[in-house]
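So you can see what is in the structure, the chains are spelled out below.
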Amino acid sequence: METIIELQDIHKTYRMGDIAVPVLKGVSMSVARGELVALMGASGSGKSTLMNILGCLDRADSGIYRLDGQETAHLSSDQRAAIRNRKLGFVFQSFNLLPRTSALDNVAMPLTYTAGHLTEREARGRAAEMLARVGLQDRMDHEPSRLSGGQQQRVAIARALINRPPVLLADEPTGNLDSRTSEEVLAMFQELNGREGITIIMVTHDPQVARHAQRVVHIHDGLIVQPSGAGDESTGPPASEPES
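Residues numbered from 1 in each chain as written. Predicted model: local features only at pLDDT ≥ 70, side-chain atom pairs only at ≥ 80, totals over all residues. Heavy atoms only, no water.

Caption draft 1: Expanded view of the overall build of the chain. The secondary structure content of the chain amounts to eight helices and 10 strands. Taken against the 2.2 N^0.38 rule, which gives 18 Å for 244 residues, the C-alpha radius of gyration of the chain at 18 Å falls within 12% of a compact globule. Across its three principal directions, the C-alpha atoms of the chain cover 50 × 40 × 40 Å. When burial is assessed residue by residue, the chain has 48% of its 244 residues classed as buried. For the chain, the accessible area works out to roughly 11800 Å², and carbon and sulfur atoms hold 48% of it. For the chain, the distance from the average position of its 25 positive side-chain charges to the average position of its 30 negative side-chain charges is 5 Å. (Helix = DSSP H or I, 4+ residues; strand = E, 2+ residues; numbered from the N terminus. Rg over C-alpha atoms; globule rule 2.2 N^0.38 Å. Buried < 20%, exposed > 50% of the residue type's maximum accessible area, 1.4 Å probe, protein only. Areas by Shrake-Rupley, 256 points an atom, 1.4 Å probe, with all protein chains shown as cover. Lys, Arg positive; Asp, Glu negative; His and termini not counted. Charge placed at Lys NZ, Arg CZ, Asp CG, Glu CD.)

Have a look at this one:
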């Protein structure tokens, strides 16, 4: 299968005054186009830092990160922003919706920055199409305060997909949802992945969430690891190659 994400020997260290704090210590992994992958790790394991690098929100100190065939290490801030707009969609634990703005306008908002060639009518039409895809065609005029938590997350997913990115990054996407609503959102991820071939990476600490993925990548203390008994887990094949 074609590789859409490739990381080779990624290192990242933060500095707190004179103290160096290594967070990623040689991460290597790849994700095939169309995969649904869970990135699991405890708090402090490095998974959020890794997600920031995957999302071109931060850059590694060393190593190679190729996104859809493009090496990202030496790109300028503007070039990385352009990649985020074209290639990546983001879904967060907090829905990050504009509070006094309709679902339709929340979803259409990214087009203001990335699709200047579209008329307002075309942009709103695309936003309406995205809301219909996530089952909210009858909630388009509702502000977030009039939507349930699950509906707000659906709006956030529609907004993340409005630019038709090939990769969706979801950071603890069910963290603010009850168990039933979490199942609905995760089922939607599975449907988007299966029906439309969107590559999805979910960051989670919850094994129940990870079970919805085709493959689970475990990160511990800044390294990708293979858990004991991984080959027997129902979550899929071993996470990735052992680090060298």
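Caption draft 2: Molecular detail of the nonpolar core. Judged by nonpolar contacts, the single largest core of 42 residues is most densely connected at Val107, Leu131, Val155, Ile157, Leu168, Phe189 and Met202. Of all the secondary-structure elements, those providing two or more residues to this core are strand E3 (36–40), helix H3 (103–108), helix H5 (120–133), helix H6 (149–161), strand E7 (167–171), helix H7 (179–196), strand E8 (199–204) and helix H8 (207–210). In terms of residue count, the dominant contributor to this core is H6 (six residues). If sequence neighbours within four positions are ignored, Met202 has contacts with Leu36, Val37, Ala38, Leu39, Ala170, Leu186, Phe189, Val209 and Ala213. (Core = buried A, V, L, I, M, F, W, Y, C linked by side-chain atoms within 4.5 Å. Contact = heavy atoms within 4.5 Å.)

Caption draft 3: How the structure looks around the sheet that holds E8. The six strands are arranged E6-E7-E8-E3-E9-E10 in an open sheet whose pairing can be described as mixed. In this open sheet, the two edge strands, each paired with only one partner strand, are strand E6 (88–92) and strand E10 (223–225). Averaged over all pairs of adjacent strands, the angle between strand axes in this sheet comes to 25°, irrespective of strand direction. Pairing between strand E9 (residues 215–220) and E10: three bridges, direction antiparallel. Each bridged residue has a counterpart across the sheet, and for His218 the counterpart in E10 is Val225. Helix H1 (residues 47–54) rests against E3, E6, E7, E8 and E9 of the sheet, and its axis sits at about 155° to E8. (Pairing = 2+ DSSP bridges. Axes fitted to C-alpha atoms, helices over the stretch in contact; angles between N-to-C directions.)

Caption draft 4: How the structure looks around the packing of aromatic side chains. Counted by the stated rule, this structure contains one aromatic pair. Taking 6.1 Å as the distance between ring centres and 5° as the angle between the ring planes, the aromatic pair formed by Phe90 and Phe92 counts as stacked. Judged by its relative accessible area of 33%, Phe92 falls in the partly exposed class. (Phe/Tyr/Trp six-rings, centres within 6.5 Å; stacked < 30°, edge-to-face > 60°.)

Caption draft 5: Region of the structure containing the pairing of E6. For E6, the tally of buried residues reaches four of five residues, placing the bulk of the element in the interior. By the bridge criterion, five bridges tie E6 to E7 in an arrangement that is parallel. Opposite Phe92, over in E7, you have Asp171 as the bridge partner.

Caption draft 6: Here's a closer look at the sheet that holds strand E1 (residues 3–16). Spatial ordering of the open sheet is given by E2-E1-E4-E5, a layout of four strands whose pairing is antiparallel. Strand pairing shows two members of the sheet lacking a second neighbour, strand E2 (19–32) and strand E5 (70–71), which therefore form its edges. The strands touched by H1 are E1, E2 and strand E4 (62–67); relative to E1, the strand with the most contacts, the crossing angle is about 125°.

Caption draft 7: Just unusual backbone geometry, in detail. The backbone of Asp9 sits at a positive phi, close to 55°, despite the residue not being glycine. With respect to the helices and strands, Asp9 occurs in strand E1. One non-glycine residue, Asn96, lies in positive phi territory at about 60°. Inspection of the secondary structure assignment puts Asn96 in the loop between E6 and H3.

Caption draft 8: Region of the structure containing the pattern of salt bridges. Inspection of every chain in the model, using the stated rule, returns 14 salt bridges. A salt bridge links Glu2 to Arg33, with the nearest nitrogen and oxygen atoms 3.0 Å apart. With a gap of 31 residues between them, Glu2 in the segment before E1 and Arg33 in the loop between E2 and E3 connect regions that are remote in the sequence. Note that Glu191 and Arg195 form a salt bridge whose closest N and O atoms lie 2.7 Å from each other. Here Arg195 and Glu191 lie together in helix H7, a separation of four residues that amounts to about one turn. Given a relative accessible area of 41%, Glu191 falls into the partly exposed group. Residue Arg195 is classed as partly exposed on the basis of its relative accessible area, which comes to 47%. One continuous salt-bridge network, built from bridges that share partners, spans Glu2, Arg33, Asp68 and Lys87. (Salt bridge = Lys/Arg side-chain N within 4 Å of Asp/Glu carboxyl O.)

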